Each structure stands twice: as structure tokens, then as C-alpha cells.
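# Structural features, examined
Residues per chain are reported as follows:
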Amino acid sequence: MDKNISRRSVLKILAAGVVATGVSGCKNTLGAATSTITTGTKPHRDNWHKTHNRVWLGKQYWANPMEDWRVVNGAAECITRGGNRSVHSLTHQIAHLDQAFTMSVQVSRLEQNSKDGGAGIRLGAKSELNEYRSNCFIQEGYDLGIKNNHLVLGNNTTPLVTPIDNHEITLSLTGMPQSGAMALELVASLSTSGSIIGTLAHLVPASELLGNVALVSNFSIASVTSQNVPEDKLGARYKFSNWSMQGEAFSVIDEQKFGPILWTMYSLSDTLSDEGFVMKLSAYTGPIGEQDNQQIELQVQRSNQWVSIDTQIIDHDGWLATFRIINWDETQDTPFRVVYREKHTDGTETPDIYSGNIKANPSGNKLRMAALTCQNDYGFPYEPVAQNVKKLHPDLVFFSGDQIYESHGGFGVIRTPDNLAILNYLRKFYQFGWSFKEVMRNQPPICLPDDHDVLQGNLWGEGGATMKNISKDPSASVLGGYIDSTRVINMVHKTTLNHHPDSYDPTPTNGISSYFSNMLYGGVGFAILADRQWKSGPERINVAVGETGQNENPLFYNPAFNPPGLDLLGKRQEDFLEKWSKDWRGHNLKAVLSQTVFAAISTHQPLPDRFLKYDFDSSGWPASARNRAIDAMRDSMALHICGDTHLGSLSQYGVNQQRDSNWAFCTPAISAGWPRWWKPDSMNMPHQNRPAHGLAETGEYKDTFGNKIYVYAVGNPEVGKSNNRYVKAHEKGSGFGFITFDSQKRTYTMDAYKFLVDVADGKASNQYPGWPVTIHQQENKGNNILG
């Protein structure tokens, strides 16, 4: 489009109308399609007029929050009167400030209210990164539209000639570049007759318009995070249709679409049975409607031909389809694709294809695994970590928990009813897939749910018990049991675990699914555990979490906190772990994968000068149950790999004496939230046998529950102060771990990378002090070599 285009020419484009953009699938490659950036010379219009009624608005949009939006009779309808509900375009961003653009949308008010927050278009929605995914969660920008029978353009308003009432209003916007500024003109007209009922013009600094474009319901009312919103915090209710845009001011990247197939996760494991290697794969869609296609097809490439091998129905408790294929040929890479045929209301359908590669079972002596944990969304979309993991080409990726937090995306937590609670969880979970789908496309991920994944501040699962006295603990941070319903918890398990190898013992506990299992892959045996599901709650010993013990001597180990009868893993998992530890069929190296470290390797939180004696959330408590778990896995000589603490550490367990048991690598958080420090020296906690590297805060200690631990390395953070999310994550000790299993040498080599580095440049400063480290298998049974 000519940057000197006249307003008359722009209006002609709008008057001519725009055709719906066709829906196309991903390219049939083994990786993501290469991004093609164009400008908006071609007209673009939403596809809602051909979309069946449903929650999910479509692959070109991100809805905030998803649970508050629906496609209803060809329009995107906000079902609440809450403030700052928005729908962002994923494909179109304003990027070229010396070019013109046009945009239009039809708006209807569905419910009137004495307080009207307005409805219309938001320009210039951008984070400090101005990255399209992070931009989606910014609740401010340059707003324009209708409000209280006025036309609004930024801070300018004018009365409408005709009251809104039940009329459908067309908002038509033009933007013309003008010496570093943008001349905006907004016209409101009655959609049925075309009669103009209001016009406004304004000259805006062009830089204010950079970033995402969005539709917004109640743009002048702040969002609130409670389900029970006071009436004075609510506005009117609106729907939107026929959203169109065009112009060279737009950067258009079709590959930024997200869905209908959002991403996939798979596992491959030798069952040592007549089923051979079993491949399990889950494919995720957005929440589709009853009239939408309900099936996903799995195809593999054989002799350069795509062959269908299975079709599965989409489970609406999680909107995923899971495939289980026995006797998989593990000797070669197998290209795969999952196909979803999206049906439209006009009888047409559009295939969506998501492609990847099921890797051959690694047959060499080395297996390389990335290990990640805890992704607080202030660091979303965590691109430095995602890119660094891709550069390392791991054979396996481990997410140990907290793929989401309650605060993800704003708008709070919904507990009831179940259908809304599920949607509330899913749109947070989608941020995880959105960030790491390329890491999971071509290599198997193991993904565990932790406390925040079930939307709790802390989780002492009590064998699947229902939390009591919820009114005393609405954040689910201090009481035992699960706060959400069995259906919701099982849905969380499905979304994170359905692609895992089959559960060793799937018997539910109080209705909640059991997922602990073993996996044999790349010559390494993995035990996959649930740290929290059977763990005893702190009310068993009548303590106040975060308060009890603050006035005690740091060196006093209170025996009242370790009475008999408390659990960590529970008997079923302990029995499994003991049996697995002695089973060496098909491998000679083992690893235990779980949520967190079996010790309290933290002295201060959430500030570096606040000593917290007892962290009952750690798996150092209950101490006797912790010792039983270690006793059960000692014969495995397994490395314990875990996360959760927001503090990278490498340690060795002691039970009967120091350093008589397994090593544990607790990886740095992807994006550390609640900060923790390990500073025993500042508390004059006695230590012995500091490692040869001489780093402070290392050596043989007892934690505050009396557990014996040898701390070899720790990645203490700074206080995160930067306004840039990536710098802040780096300051707070974020990053990820990497483990190389060498089955020939029977060694484990561990790396702990910082957040904001380039792993390809090989700098020693990329890792936290004390890493990399290599230990021998025998050291996991107390035959210590490393000094």
C-alpha cells in the first residue's frame, strides 16, 4: 500500500468489504514452519461467521481470559461484564509506522449497565519486549470505540448522533502516517443502514501504536481477579463480529497462529514385554464445540507416503486426544503428523496439520536430557531458555512441575463450577505449550504436575484427600489435601501425564488418578514419582506454615515434627521404588524423576535476610519418610533429578551417615518466582568437608529437619529488580539443567545454565558456580570419588 494513500482510497477498501482469510495447516515438515513476514496488503477478516459455537475463538486469536469468551452465532461474545476482556490478533501487529492501515469491526451491546466500560479496538498493546505473545497480556494501550453513547478515540470523545441501544455499530478506523505521527480517524455508523452517527480524528505519536491490536470489552474498567465481583466493578456486555484489517503498517506472520492443534507431547519406552516399545502421544486442541469435528488422526511417514495409523476422539476434560501404539519400531526416526479437520458452518472443512519426529531410541552410549522447572509468567515466553534448549538438541526433556502458576495471565483462579475451572486451568496451561512446543515437537518430554499445576500454593496431597476448612486457606498454601474437585485434578493429570508410559499401579486414591511409573529409554531406566500426592499435611503436627519455629535456635532439631506415621511417597510408591531399584533389565544407569529435592536446601526466603527455619513444603519433611524414600532408591544408584525450589543445587543425601546415598540435582527455575537462598554460613550452621573447589555455603550440613546433606554447589540468586522480564529472571537465579548419561562410563555429567546466556558460545560464566560436575554411578550409593 502506498504510504501516501488518500483517506478516500482507504474508505473505498473498507466499503468494498474483505474476504475471509483461508485457514491452512502447518507445513508438512519435521519442525516448525519457517516464519514468513509480510505486510498487510491483503485484506484480513475474522472467520467467526463460519465457526461453530464454542469457547475457542480460533487459531488467529488469544482471548483474555479464554473462559470469558465464546463464539456465538458468528460473533465473538464476551459472556461477562468484567473489565479489560480482550481478544488479540496473533498474526497482525503494527510495526511499520511510516505506512497506512485500516481496521473495522461491528460491535453490539448485549447487556446495559449504569457503568459502561466501553467496547472497541486497542492499539499499541505491548510489553517491554514488544513480542507478540507477551504483548497479549498487557492490559493497556491506545483505546478507541463506543462508551456511554459517546465515540471514544484515545482521550477524545464526542456524543453519538443516535444512542447505541440495541443497534449494531460499525467502527471504521483509518491510520495515515504524518511526519513521525499517525493521523487517526474513527467513524461510527449503523451497520444496517450505513448511517454515520459519529466521527473523531486525532494525531498520535506513531510509537504509541506499535505492538498488538486487540478487541476489548470494557476497556476503561480495570480487570479484577475474583469471581464474586462487586457491581460497581462491572460494565456492560458486548459482542464483536466482522473484524477486518489491512495496510502496510501491519507486520503479518501467519506462522504465529496457535491451533487448532496447539502442540503435541510423546514418550517412547521399552516395556520389556510382548508389546515391545510403546509410543504414546497426546495432541492438544483449543476447547472446541459440540458441532465441531471431534476426532484427531495420527499419521506416520512410510516410503515417502503418509499412512494413517490411528484416530482418537478428543477428550473434553482437557481437549486432548491420546494415542498408544505398541511394538513401535524404535530403530529409526519416524516422521509423524496429527491431522485435525476443522468443520465450518457452511459445510466446508479446513485441515490443520501438526508435524514432528518420533526419534529413534538413542542407541549410543550417551543420552542427553534437558531438565526444567517452575515458569512464573513474569518471564513469559521464556525465549532465552527455550532457544538454548533447542541449541543443545537433547534426546529427552524433563519438566518437573509448576508449568503454570495461579497468577498466569491474570484474572485469578476459578474453583467452581468444574467446567469453568477447567477452562481457567487450560488457558494458563496453554502458555506452557505456547512457549515450549518447539522443544517438545521432536523429542519426548516427561512432564510432572506440582502444587501450582493444581492451582495450590502448596500441596500436601494426603493420598488424594479433599482439603477441609477451605475458608481458612483460600490460596491452598497451608493445609493438606486438594482444594479442587476430583474431576479437575484428574483433568490436570490428563493434560500433563497422558503421554507418559502407563502407570505402574493406576489404582486411584480417593478418586484421583495415580501416575507413578517407569520408563526405559536410551539405555537409561527412569522412575517417575509423585512427591506430593501421598505426602502428609502440616496440620498432622499442628504447625503454622511459615511461622512455626521462627524463634527457635537454628541448630535445634525439633523431634515433635517427626512423629511416626507420616508419609512422603506413601507405601505404594516406596514398594515400587524398591522393586524398580533392583530391576536392571535392559539398562545399566538409572535416574529418579520427581518434583523436588529430599532435603530442605533453603535457609532464607523470600528475602535474603529473612531466615525461615522450617520449610514444610520441602521434601526434607517428614524426615523419617524422607529417609525411607532414600533407603528404597539407594540400590538403584540413581541420580535424583528434580526442581521446584527456585534454587539450583547439587547435593548428596545422607541417612545413616553423611554421603551414604544418592546425589540430587535440583535444577534452576525457568523463571524463578518466590526466591530462596541457601546461606547456612550466615547462620553459623556447622559444616565439614567443604568440596575441593572451596565455594562458600558448601560441604556437609544438617538441614533444619536434621537431615544429613552434602551440598556441592548452589546457584544463589540476586534480588530481582530489573523492569525487563528476562534480566529480572536472570537476576533471580533462573535457568535450566542439562544431564548427560554415559552408559559406557556409567557417569552423569550435570550442567546448570543461567537464564540470559548463549549456550553455544561455550563461556564458563554461562553456568552457576560449581558446575559442570561429573559423578560416577557408584557415588549414588555412597562410594564417593568426587571431593
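Everything discussed here concerns the structure shown above.
Because the structure is a prediction, the values reported are computed rather than measured.

Looking only at helices and strands, the protein chain features 8 helices and 36 strands. Relative to the globule expectation of 28 Å for 787 residues, the C-alpha radius of gyration of the protein chain, 28 Å, shows essentially globular dimensions. For the protein chain, the C-alpha atoms occupy an extent of roughly 85 × 65 × 50 Å along the three principal directions. Evaluated residue by residue, the protein chain yields a buried proportion of 62% over its 787 residues. When the accessible surface of the protein chain is split by element, carbon and sulfur atoms take 48% of a total near 27500 Å². In the protein chain, which carries 72 positive and 79 negative side-chain charges, the distance between the mean positions of the two groups comes to 1 Å.

Under the counting rule described, the total for this entry stands at 41 aromatic pairs. When the centroid spacing of 6.1 Å and the interplanar angle of 40 degrees are considered together, the rings of W69 and F240 count as tilted. Pair noted here: W69 is in strand β3 (residues 69-72) and F240 is in strand β15 (residues 237-253), with a separation of 171 residues, a long-range link.

Attention shifts here to the nonpolar core. Counting 146 residues, the largest nonpolar core has W263, L372, F436, F526, I641 and F741 as the members making the most contacts within it. Looking at this core element by element, the count peaks at 12 residues for helix α4 (residues 418-441). Apart from the residues within four sequence positions on either side, F436 is in contact with L372, Q375, Y382, V385, A386, F399 and I670. Core analysis: the second largest hydrophobic core is formed by 46 residues, A119, L173, Y238 and M245 among them.

Applying the stated criterion across every chain yields a total of 41 salt bridges. R54 is the partner of E342 in a salt bridge, and the nearest nitrogen-oxygen pair spans 3.0 Å. Taken as a pair, E342 in strand β21 (residues 334-343) and R54 in the loop between β1 (37-45) and β2 (61-64) lie far apart in primary sequence, 288 residues in all. Accessibility classification places E342 together with R54 in one group, the buried group. In this structure, E131 engages R133 in a salt bridge whose closest nitrogen and oxygen atoms are separated by 2.6 Å. A relative accessible area of 9% places R133 in the buried class. When salt bridges with common partners are traced through the structure, they connect D450, R532, D615, D617, D644 and R676 into a single cluster.

In this section: the side chain of D615. Inspection of the secondary structure assignment puts D615 in the loop between β28 (589-596) and α7 (623-634). In terms of polar contacts, D615 uses its side chain to reach the side chain of Q605, at 3.1 Å.

Our focus in this paragraph is the sheet that holds β21. Taking strand neighbours across the sheet as the criterion, the 4 strands line up as β19-β18-β21-β22 in an open arrangement whose pairing is antiparallel. Of all the strands in the sheet, just β19 (305-313) and β22 (349-358) have a single pairing partner and so form its edges. With direction set aside, neighbouring strand axes in the sheet form an average angle of 25 degrees. Across 4 bridges, the pairing between strand β18 (residues 295-302) and β21 is antiparallel. Opposite V300, over in β21, you have F336 as the bridge partner. Of the strands in this sheet, β21 and β22 touch α4, which is tilted by about 55 degrees from β22.

Moving on to the sheet that holds strand β27 (residues 524-528). Strand pairing in a sheet takes place through backbone hydrogen bonds and is either antiparallel or parallel in direction. Strand order in the open sheet formed by 8 strands is β26-β27-β28-β29-β31-β30-β33-β32, with mixed pairing between adjacent strands. Here the strands that pair on one side only, and so sit at the sheet edges, are β26 (517-521) and β32 (699-702). In this sheet, neighbouring strand axes are inclined to one another by 25 degrees on average, regardless of whether the strands run parallel or antiparallel. Two strands pair when backbone bridges link them, and β32 and strand β33 (residues 708-714) are joined in this way by 4 bridges, in the antiparallel orientation.

What follows covers the pairing of strand β16 (residues 261-270). When a strand is regular, its side chains alternate between the sheet's two faces. By the criterion of burial, β16 is predominantly enclosed, with 10 of the 10 residues buried. By the bridge criterion, 9 bridges tie β16 to strand β17 (residues 277-285) in an arrangement that is antiparallel. Considered in β17, the bridge of M265 is made with S282.

Here the amide bond leading from G259 into P260 is cis, since omega sits at -5 degrees, within 30 degrees of zero. A cis geometry characterises the amide bond from W621 onward to P622, with omega recorded as -5 degrees. For P622, the location among the structural elements is in the loop between β28 and α7. The phi angle at N148 is positive, at roughly 50 degrees, despite the residue not being glycine.

How each quantity is defined
Residues numbered from 1 in each chain as written. Predicted model: local features only at pLDDT ≥ 70, side-chain atom pairs only at ≥ 80, totals over all residues. Heavy atoms only, no water. Helix = DSSP H or I, 4+ residues; strand = E, 2+ residues; numbered from the N terminus. Rg over C-alpha atoms; globule rule 2.2 N^0.38 Å. Buried < 20%, exposed > 50% of the residue type's maximum accessible area, 1.4 Å probe, protein only. Areas by Shrake-Rupley, 256 points an atom, 1.4 Å probe, with all protein chains shown as cover. Lys, Arg positive; Asp, Glu negative; His and termini not counted. Charge placed at Lys NZ, Arg CZ, Asp CG, Glu CD. Phe/Tyr/Trp six-rings, centres within 6.5 Å; stacked < 30°, edge-to-face > 60°. Core = buried A, V, L, I, M, F, W, Y, C linked by side-chain atoms within 4.5 Å. Contact = heavy atoms within 4.5 Å. Salt bridge = Lys/Arg side-chain N within 4 Å of Asp/Glu carboxyl O. Polar contact = N/O pair within 3.5 Å; in protein donor to acceptor, adjacent residues only side chain to side chain. Pairing = 2+ DSSP bridges. Axes fitted to C-alpha atoms, helices over the stretch in contact; angles between N-to-C directions.

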